[in-house]
Amino acid sequence: MLEETPHKLQIQVITPEENDEYGRPIMGTGGESWQDIAECFCHDNSRRKERSINGERWVYRYNVVYEGENIPLGSHVRCLNSNGKIVGEGEIMDNAECHSEEFEGRCEIWI
C-alpha cells in the first residue's frame, strides 16, 4: 500500500459518435470524459532524467506511482491535486510490471 497519495490519476475516455440509419452523425452523442483510476503520487521530472524505450533515449515529464491495474501504453492520463488542479498530463510512454511481489501491486508509469 502506498503511504502517501496526494494526487488522483484519471484516464481519458473517448466515446465515438453514433450514426443514424443513413450513416450521419447524431448530434449530442460521443465525446470525451475523464474516468478516475486510482489515488497516486505524481513526480515532476524537473531534473530531466532519461529513460530508454526500445533502445531510444527519452526524457519523460512525469513519473506516476499508483496501485491498481496496468494501463495500456499510449493512453492519455492526467493527475489532479486535492483542489482539482492538473499537476501532470500526457500520454503513457512506458509502464512497469504492476504485480511483482517486491512492489505488492504498485504500478509505475512514465508520461
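Our subject is the structure listed above.
Because the structure is a prediction, the values reported are computed rather than measured.

Draft legend 1. Representation of the overall build of the chain in the model. Regarding its fold elements, the chain presents zero helices and nine strands. Scanning the chain from its N terminus toward the C terminus, one meets helices and strands in the order β-β-β-β-β-β-β-β-β. Buried positions account for 30% of the 111 residues belonging to the chain. Of the contacts made within the chain by residues no fewer than 6 positions apart, 55% connect residues no fewer than 24 positions apart.

Draft legend 2. Structural detail: the pattern of salt bridges. In total, this model carries two salt bridges according to the counting rule given. The salt bridge partner of Lys 8 is Asp 36, with a shortest N-O separation of 3.7 Å. One end of the pair, Lys 8, is in strand β1 (residues 7-15); the other, Asp 36, is in strand β2 (residues 31-44), and 28 residues separate them in sequence. The class for Lys 8 is partly exposed, based on a relative accessible area of 31%. The closest approach of N and O atoms between Arg 24 and Asp 20, which form a salt bridge, is 3.0 Å.

Draft legend 3. Structural detail: the sheet that holds β1. Pairing is antiparallel in the open sheet, where seven strands are placed in the order β7-β6-β1-β2-β5-β9-β8. Lying at the two open borders of the sheet, with one neighbouring strand each, are β7 (86-91) and β8 (94-95). Note that β1 and β2 share nine bridges and pair antiparallel. Paired with Val 13 across the two strands is Ser 33, which belongs to β2.

Draft legend 4. View of the pairing of β7. Where strand β6 (residues 76-80) and β7 come together, five bridges link them in antiparallel fashion. By the bridge assignment, Cys 79 is partnered in β7 with Gly 88. As consecutive antiparallel partners, β6 and β7 are separated by five residues, and within that stretch Gly 84 has a phi angle of approximately 85°, a positive value.

Rules of the game
Here the residue numbering is sequential within each chain, running from 1 through the sequence in written order. Two thresholds apply to this predicted model, a pLDDT of at least 70 for residue-level local features and 80 or more for giving and counting side-chain atom pairs, whereas whole-chain, interface and lining totals are computed over all residues. With hydrogens and water excluded, all non-hydrogen atoms of the structure serve as input to the side-chain values. Elements are defined by DSSP. Helices are runs of H or I of four residues or more, strands are runs of E of two residues or more, and each kind is numbered from the N terminus. Exposure classes here rest on a 1.4 Å probe applied to the protein chains alone. A residue is buried below 20% of its type maximum, exposed above 50%, and partly exposed in between. Should any heavy atoms of two residues lie within 4.5 Å, those residues are counted as being in contact. The term salt bridge refers to a side-chain nitrogen of Lys or Arg lying within 4 Å of a carboxyl oxygen of Asp or Glu. Only when DSSP finds a minimum of two bridges between them are two strands counted as paired.

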